[in-house]
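Residue-level structural notes
One-letter residues, chain by chain:
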Amino acid sequence: MHLAYPAVLSALLFCTGLYGVLARRNAILVLMSVELMLNAVNLNLVAFDVWLSRTAEETLHSGQALTLFTIAIAAAEIGIGLAIVLAVYRNRGTSDIDKLRDTAEGHEPDGPDGPDSEGDAPAAEKAEATA
C-alpha cells in the first residue's frame, strides 16, 4: 500500500477535527474534535513508521511507541477535560463555550452597547455614589 492513502485519510481526519474545534460551541464536541485531530496524528505516526521501516535495515518502531504515548496523553486529556466540562455545567447550567467566556470575571457580558461612556465604573456603583 502506498503512503499516500493513510496520509490523505489523516489529512481529512485532521481537517474535520480542526473544523469541529473552530465551528462548534459545545465543549464536549470540541473535545471530540481534538480527539479526531490526535487520531490523525497517530495514523500519520504509524504510517510513516511502517514506510520508514521498509527502507531502514533496523526497525525500531519509534512511530508506534510515540503513538502509544499520544494515546495515553489523549486519554488523560479527555478525562480532565470532561471533568472540567461537567463541573462547569453543574455551576453554570450550560456547556456552550460562548456563554462561558466570562467565567473568570464572574459577571455577565456587557450588553450590545458596551460599557458606559462616562467612565469605567458600572451603573450600580454610579447609582450608589449619587444616592
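Residues numbered from 1 in each chain as written. Predicted model: local features only at pLDDT ≥ 70, side-chain atom pairs only at ≥ 80, totals over all residues. Heavy atoms only, no water.

The number of helices and strands found in the chain is 4 helices and 0 strands. Going from N to C terminus, the chain has its helices and strands arranged as α-α-α-α. Within the span of the chain, comprising 131 residues, buried residues form 19% of the whole. (Helix = DSSP H or I, 4+ residues; strand = E, 2+ residues; numbered from the N terminus. Buried < 20%, exposed > 50% of the residue type's maximum accessible area, 1.4 Å probe, protein only.)

What follows covers the packing of helix α2 (residues 27–55) against helix α3 (residues 62–92). Packing of α2 against α3 brings their axes to within 9 Å, and their N-to-C directions diverge by 175°. As summarised for this structure, α2 and α3 are arranged roughly antiparallel, according to the angle between their axes. For the contact of α2 with α3, a count of residues per class yields 14 nonpolar, 7 polar and 3 charged. (Axes fitted to C-alpha atoms, helices over the stretch in contact; angles between N-to-C directions. Parallel < 35°, antiparallel > 145°, perpendicular 65-115°, else oblique. Nonpolar A, V, L, I, M, F, W, Y, C, P; charged D, E, K, R; others polar.)

What follows concerns a nonpolar patch on the surface. A contiguous nonpolar surface patch, about 350 Å² in accessible area, is contributed by Phe14, Leu18, Leu22 and Val41. Within the element layout of this structure, leucine 18 appears in helix α1 (residues 4–23). On the basis of relative accessible area, leucine 18 is assigned to the partly exposed category, the value being 36%. (Patch = residues over 30% accessible without salt bridge, like charges linked within 9 Å, V, L, I, M, F, W, Y side chains within 5 Å. Areas by Shrake-Rupley, 256 points an atom, 1.4 Å probe, with all protein chains shown as cover. Salt bridge = Lys/Arg side-chain N within 4 Å of Asp/Glu carboxyl O.)

On to the packing of aromatic side chains. On inspection of all chains with the given rule, the structure shows 1 aromatic pair. Residues phenylalanine 48 and tryptophan 51 carry aromatic rings whose centres are separated by 6.2 Å and whose planes lie at 85° to one another, so their mutual orientation is edge-to-face. With phenylalanine 48 and tryptophan 51 both in helix α2 and 3 residues apart, this pair spans about one turn of that helix. The partly exposed category is assigned to tryptophan 51, whose relative accessible area is 41%. (Phe/Tyr/Trp six-rings, centres within 6.5 Å; stacked < 30°, edge-to-face > 60°.)

Moving on to the side chain of threonine 70. Along the chain, threonine 70 turns up in helix α3. The exposure class assigned to threonine 70 is buried, which follows from its relative accessible area of 16%. Engagement of the side chain of threonine 70 in a polar contact is seen with the backbone oxygen of leucine 66, the distance being 2.8 Å. (Polar contact = N/O pair within 3.5 Å; in protein donor to acceptor, adjacent residues only side chain to side chain.)

With that out of the way, let us pick up the confidence of the model for the chain. Residues of the chain with pLDDT of at least 70 account for 76%, and the chain-wide mean is 82. When pLDDT is averaged over each helix and strand of the chain, the minimum, 57, is found for helix α4 (residues 123–130) and the maximum, 96, for α1. (pLDDT = per-residue confidence, 0-100.)

Within the secondary structure, leucine 36 is located in helix α2. For the pair leucine 36 and phenylalanine 14, spaced 22 residues apart in sequence, the C-alpha to C-alpha distance is 6.5 Å. Ignoring anything within four residues of it in the chain, the contact list for leucine 36 reads Leu13, Thr16 and Gly17. (Contact = heavy atoms within 4.5 Å.)

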